[in-house]
Amino acid sequence: MRARLRRSLRTRLALLASIAMVLLNIIVSTFLLYGTRDEAADIRTLEVSGKALQVLLMVKRKQLPHVLDPSGLDGMQVVDPVGRPVSWTPSMAGMPRQTTVIPRPDQANDDAELCDLPAFPGQCKIVVALRAYQSDGTWVIYAFEPTVPWYVTPQVIVFLLCMTAGLAALTWFGVSRIVDKTLAPVSRITTRLAEITADGGGMRVPVPETDDEIRGLAETANQTLERLETAMRQQEIAIERQRRFAGDASHDLRSPITAMRAQVEGAMLHPEETDWQETGTEVLTSLDRLQAIVTDLLTLTKLDAEAPCRREPLDLSELVVTETARPRTKRVVTATHGSVAITGDRLQLARLLTNLLDNAERHAETQINVTVRHEHGQAVLEVLDDGAGIAPDQREFVFERFARLDDSRNRDAGGTGLGLPIAREIATAHHGTLTIEDSDTGARFVLRLPASPR
């Protein structure tokens, strides 16, 4: 099918080019014939004039015979001063004067193409008229010769037809070759595209060496394929991440439910020996953990859906001072360097800071340092604890959902593993970044947000 379409396009272009060449040749041939015929008519008129001049000399010398030698002409006629034919060629014997149209009064020598003369009905002739001035008056010599046809000669027509046919054939051949050569890269691109499948990663179309539109098409197609391949990889990563997230969520949700079931079943087996107050407290603890997980899951769902949030001008320093004023088990030291203006959702940013403080509180030994400053057009918030810190190769892992380091699991079995992922999603939603950077001790979380004009 592709080859047929390519041949069809080649045929159409070659046919159009050939037709255009034929039309151009017809126009050029018309002008050429017109010019050639005029030139041939002028030459024939000169030849006829030369033969008529010989008769003129006879008149001058008074040696004019009664019957003239035609000398290859269709006829000749000599008219005396009173308008009577007095000499002629055998073909015009006894014929009256053929024309009075020429010579014109102001012309001694004249010529014209005249049709339907008495001696040549239905024909057109080249007529040359020469005046011979004598003592008894003005004599007129007429010479008649066939006109030059529109095609001049059959040889000219044959030459023009052969030239037109040759140029049309050459145009067909040349355009066909050029189109074939031009469409060859397109055919290769089409073939390669047809070979690409859903699992055909790394496929690219060939890029021709020529610097033209087809090269641009191939490069654009490769860029599109690269973006498609990247999107497919991202989609696979997202699907795998979603599958792992679903498994982790199911596991973390099952844990408190299993704990509550075991507590209730154990109490029901020995109701008389059960401390229902203690059992209720244990069940509430499991419910709190379950509620925390569900709440974090709902928060992540809203962030993933990019739900609209209320943006307003905020002072990050004031927000940090307010949130760090709440009592905690570890000492919190806050350092603010003046007002740091930003635009964002106060509740979400407060949740981000709370998650960072909760994480730092679980891992700090004695103290948490919180710093706010304005740096290179950005609002920077740092939360630094004096704990064991996080290894460089684990700094991105902790931002994965339900990801908890072994140390974290040992120190805080009740954590949901969603606090830091939620914090990063909030930072991303505010066009900022949340990373873990180097520090002398502990873990140093750095939030960078676009600052608003002061």
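Summarised in this report is the structure supplied together with it. (Residues numbered from 1 in each chain as written. Predicted model: local features only at pLDDT ≥ 70, side-chain atom pairs only at ≥ 80, totals over all residues. Heavy atoms only, no water.)

This paragraph deals with the pairing of strand β4 (residues 120-134). Note: strand β3 (residues 109-117) against β4, eight bridges, orientation antiparallel. Bridge pairing in β4 places N109 opposite L130. Between β3 and β4, which follow one another and run antiparallel, lie two residues. Across 10 bridges, the pairing between β4 and strand β5 (residues 137-146) is antiparallel. When the sheet's bridge partners are listed, I126 is paired in β5 with E145. Hairpin remark: β4 followed by β5, antiparallel, with two residues in the connecting loop. (Pairing = 2+ DSSP bridges. Helix = DSSP H or I, 4+ residues; strand = E, 2+ residues; numbered from the N terminus.)

Across all of its chains, the model carries one disulfide by this definition. Bridging C115 to C124, the disulfide has an S-S length of 1.8 Å. The disulfide joining C115 to C124 has a torsion of about 100° about its S-S bond and is therefore right-handed. Judged by relative accessible area, C124 falls into the partly exposed class, the value being 34%. (Disulfide = S-S within 2.5 Å. Buried < 20%, exposed > 50% of the residue type's maximum accessible area, 1.4 Å probe, protein only.)

Among the residues of helix α5 (residues 316-324), L316, S317, L319, V320, E323 and T324 are the ones counted as buried. For α5, the arc enclosing every buried residue in end-on projection is 160°, short of the 170-degree limit, so these residues lie on one face. Against β6 (312-315), β7 (331-336), β8 (341-344), α6 (346-363), β9 (367-375) and β10 (378-385) lie the buried residues of α5. Capping of α5 at its N-terminal end is provided by D315; its side-chain oxygen lies 3.1 Å from the backbone amide nitrogen of S317. (Arc of directions from axis to C-beta. Contact = heavy atoms within 4.5 Å. Polar contact = N/O pair within 3.5 Å; in protein donor to acceptor, adjacent residues only side chain to side chain.)

It is worth spelling out the sheet that holds strand β1 (residues 75-79) at this point. Reading across the sheet, the five strands line up as β2-β1-β5-β4-β3 and stay open at both edges, with antiparallel pairing between neighbours. The open sheet is flanked by β2 (85-88) and β3, the only strands paired with a single partner. Mean inter-strand twist for the sheet, computed between neighbouring axes without regard to direction, equals 25°. Summarising the sheet, β1 and β5 pair through five bridges and their orientation is antiparallel. In the strand pairing of β5, M76 is matched with A143. (Axes fitted to C-alpha atoms, helices over the stretch in contact; angles between N-to-C directions.)

Any two packed helices are characterised by the angle at which their axes cross and by the distance between the axes. Viewed as axis vectors pointing N to C, α5 and α6 meet at an angle of 55°, and their least axial separation amounts to 10 Å. With respect to their mutual orientation, α5 and α6 come out oblique. In terms of crossing hand, the pair formed by α5 and α6 is right-handed. Contact with α5, carried on its side by E318, L319, V320, T322, E323 and T324, involves R346, L349, A350, L353, T354 and L357 of α6 and no other residues of that element. Looking at side-chain class alone, the contact of α5 with α6 contains six nonpolar, three polar and three charged residues. (Parallel < 35°, antiparallel > 145°, perpendicular 65-115°, else oblique. Left-handed = near helix turned anticlockwise from the far one by under 90°. Nonpolar A, V, L, I, M, F, W, Y, C, P; charged D, E, K, R; others polar.)

Turning to the sheet that holds β7, a few remarks are in order. The strand order across the open sheet built from five strands is β7-β9-β10-β12-β11, with neighbouring strands paired in mixed fashion. Strand pairing shows two members of the sheet lacking a second neighbour, β7 and β11 (433-437), which therefore form its edges. Ignoring strand direction, the axes of neighbouring strands in this sheet form an average angle of 15°. Where β7 lies against β9, six bridges are found, and the strand directions are parallel. Its bridge partner lying in β9, V332 is registered against I368. Where helix α8 (residues 419-429) meets the sheet, its contacts fall on β11 and β12 (444-450), and the angle it forms with β11 comes to roughly 130°.

According to the stated counting rule, one finds 17 salt bridges in the structure shown. Between E375 and R448 there is a salt bridge, with its nearest N and O atoms 3.0 Å apart. Placement of E375 in strand β9 and of R448 in strand β12 is noted, with a sequence separation of 73 residues between them. Look at E375 and you get partly exposed, because its relative accessible area is 23%. A salt bridge links E382 to R444, with the nearest nitrogen and oxygen atoms 2.8 Å apart. Of the two residues, E382 is situated in strand β10 and R444 in strand β12; the sequence distance between them amounts to 62 residues. Judged by its relative accessible area of 11%, E382 falls in the buried class. Using a relative accessible area of 17% as the deciding quantity, one classes R444 as buried. Connected through salt bridges with shared partners, the residues R373, E375, E382, E437, R444 and R448 form a single ionic network. (Salt bridge = Lys/Arg side-chain N within 4 Å of Asp/Glu carboxyl O.)

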